[in-house]
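Architecture at a glance
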Amino acid sequence: MKIPVIIAAVLLAATPALARDYKMTIGSSHPPVLPWTIPLKSLIVAESNKRLKALGTPDTIQWTEAYAGALYDFNNTLEGVGDGLADIGWVGSLWEPAKQPLQNVAYYSPFVTGDFRALAQVQNQLMEKVPAFAAEWTKHNTVFLGAQVADTYHLVTKFPVTKLEDLKGKKLLAPGAIASRVQGTGATPVDAGLPVFYNMLQTGVADGAVILITGVLPFKLHEVAPYITKVDLGAVFSGALAMNKKTWDGLPPHMKDLFRTLGRDYAKMCADLVAEREAAAWAALTKNPAVKVSELPQAERVKWAKALPDVAGDWARRNGEPGRQVLKIFMEEARKHGAKPLRDWDRGL
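In this report, the structure presented in the accompanying data block is examined. (Residues numbered from 1 in each chain as written. Predicted model: local features only at pLDDT ≥ 70, side-chain atom pairs only at ≥ 80, totals over all residues. Heavy atoms only, no water.)

Quick notes on the pairing of strand β4 (residues 142-150)
Within β4, nine of the nine residues are buried, which leaves the element mostly enclosed by the surrounding structure. Where β4 meets strand β10 (residues 236-244), eight bridges bridge the pair, whose relative direction is antiparallel. Across the sheet, residue V149 finds its bridge partner in β10, namely F237. (Buried < 20%, exposed > 50% of the residue type's maximum accessible area, 1.4 Å probe, protein only. Helix = DSSP H or I, 4+ residues; strand = E, 2+ residues; numbered from the N terminus. Pairing = 2+ DSSP bridges.)

This is the structure:
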């Protein structure tokens, strides 16, 4: 009886593994032209099959690419991946204040750090250390794979800004949670999406904007608001590369390892692209004779930070014990990575 069993085992070991062709859809609300969407095409799709081949597995992935809102818009990125419209894609947690409030801690913690590379590490630490933070992904049927960060915020205005008082009475475009960074300055925040900033500035609906410098050139905002003031209100993490949990659960170990590695590489590529675009934007704007670039003095930055209400503490209290824990670890980890916050938002927590 032993011989047939041994022979069967030998024959099984000698039989080549059957190749499996995985059909997957990758999606995004935006086209692959942004630092957080470019890697979907140039990394995830472009590299996945090459890496499978390098691993020696005969498996392949047959990709369907659906970008630029082909499957869902920017308000539904979490649902798009969680509901399985896409198997994998970029999720913008900044548009999910109800379903993913803890992901938005950086938006409510201004003047902490402009180092977006460090924030990618902070986001990873929060995923590991705070169960409620990680649960904001899993309970919506998604699996977090890679951190997504954006550069720090500055001022683009139709008037010169040399001191905090210059903002008094002005209307500043500051959508969503960014509005919290304008409180206490005497300016009025105006909610709007980036694509309409130009028209609102041109027509006088707004006098300026609180914005990432990487968003200025693509929308030509410097044409209607030529005063650019470096403020460094703080960088943010605002989303992630995520996979549908049902898709993830159906993958064998070697496929999960592949996507974990791709997720780490996604985070690095995203940060590298942000750095490249940030440097290029400053270089181009500084060379433009019609644009007036200046830097807000440190004393005025400190004054601005002190003028703000307790936006981070209020945010933490609204989110209960998980909010307190997230803010505390966010601040601790930021400091470990070299941040020197102008406000200790975790004081008294």
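Notes on the sheet that holds strand β7 (residues 188-190)
On the basis of which strands lie adjacent, the open sheet formed by six strands has the order β7-β6-β8-β5-β9-β11 and mixed pairing. Each having just a single partner strand, β7 and β11 (292-295) make up the two edges of the open sheet. Averaged over all pairs of adjacent strands, the angle between their axes in this sheet comes to 30°, without regard to strand direction. As paired elements, strand β5 (residues 153-157) and strand β9 (residues 227-230) share three bridges and run antiparallel to each other. Among the inter-strand pairings, L155 is bridged to a residue of β9, identified as T229. (Axes fitted to C-alpha atoms, helices over the stretch in contact; angles between N-to-C directions.)

A closer look at the nonpolar core
Ranked by internal contacts, the top residues of the largest apolar core, which has 92 residues, are L126, F259, W304 and F330. Every residue in contact with F330, bar those within four places of it in the chain, is listed here: V105, A106, S109, V112, L119, V122, L126 and F237. Listed in part, the 20 residues of the second largest apolar core include L173, A209, I211 and I228. (Core = buried A, V, L, I, M, F, W, Y, C linked by side-chain atoms within 4.5 Å. Contact = heavy atoms within 4.5 Å.)

A closer look at the packing of aromatic side chains
Across all of its chains, the model carries nine aromatic pairs by this definition. Seen from their ring centres, W90 and W95 are 5.7 Å apart, and the 80° between their planes marks the pair as edge-to-face. Relative accessible area serves as the criterion here: at 2%, W90 is assigned to the buried category. Residue class for W95 comes out partly exposed when judged on its relative accessible area of 27%. (Phe/Tyr/Trp six-rings, centres within 6.5 Å; stacked < 30°, edge-to-face > 60°.)

Notes on the side chain of Q100
Mapping Q100 onto the fold places it in the loop between β3 (88-91) and α4 (116-129). Ignoring any residue separated from it by four or fewer positions in sequence, one finds Q100 in contact with L78, V91, S93, E136 and W137.

Topic: the layout of surface pockets
Looking at the largest pocket, its volume works out to about 1200 Å³. As for the largest pocket, its lining consists of 41 residues, and the residues nearest its centre are L94, W95, Y153, P175 and L194. Listing elements by their share of the lining of the largest pocket, those giving two or more residues are β4, β8 (208-212) and α10 (311-318). Of the voids in this model, the second largest pocket is the one considered here, and its volume is about 340 Å³. What lines the second largest pocket is a set of 15 residues, and nearest its centre among them are N124, L145, G146, R264 and A267. For the lining of the second largest pocket, the secondary structure elements donating two or more residues are α4, β4 and α8 (253-287). (1 Å grid on protein atoms, 1.4 Å probe; cavity = no way out; pocket = protein on both sides within 12 Å on 5 of 7 lines; lining within 4 Å. Points joined across faces, edges and corners; volume = space filled by probe spheres on them.)

Comments concerning helix α5 (residues 131-138)
Looking at α5, one finds that the buried residues are F133, A134, E136 and W137. Projected onto a plane normal to the axis of α5, the buried residues spread over an arc of 145° and lie on a single side. Contact partners of the buried residues in α5: β3, α4, β4, β10 and α11 (320-336). (Arc of directions from axis to C-beta.)

Examining α10
Looking at α10, one finds that the buried residues are V311, A312, G313, W315 and A316. Structurally, α10 contributes buried residues whose contacts are with α11.

With respect to the sheet that holds β10
Hydrogen bonds between backbone groups are what pair the strands of a sheet, and the pairing can be parallel or antiparallel. Overall, mixed pairing links the five strands, which are arranged β2-β1-β3-β10-β4 in an open sheet. On the outer flanks of this sheet lie β2 (60-66) and β4, each paired with one strand and no other. Each adjacent strand pair in this sheet contributes to an overall mean axis angle of 25°, direction not counted. Against the sheet, α5 makes contact with β3, β4 and β10, and its axis sits at roughly 50° relative to β10, the strand it touches most.

Overview of the pattern of salt bridges
Going through the model one piece at a time under the given rule, you end up with 22 salt bridges. Note that K129 and E333 form a salt bridge whose closest N and O atoms lie 2.7 Å from each other. In this pair, K129 sits in helix α4 while E333 sits in helix α11, placing the two residues 204 residues apart along the sequence. The exposure class of K129 is partly exposed, given its relative accessible area of 37%. Given the relative accessible area of 4%, E333 is considered buried. With a closest N to O distance of 3.2 Å, R347 and D344 form a salt bridge. (Salt bridge = Lys/Arg side-chain N within 4 Å of Asp/Glu carboxyl O.)

Keep in mind that these numbers describe shape and distance, not what the molecule does.
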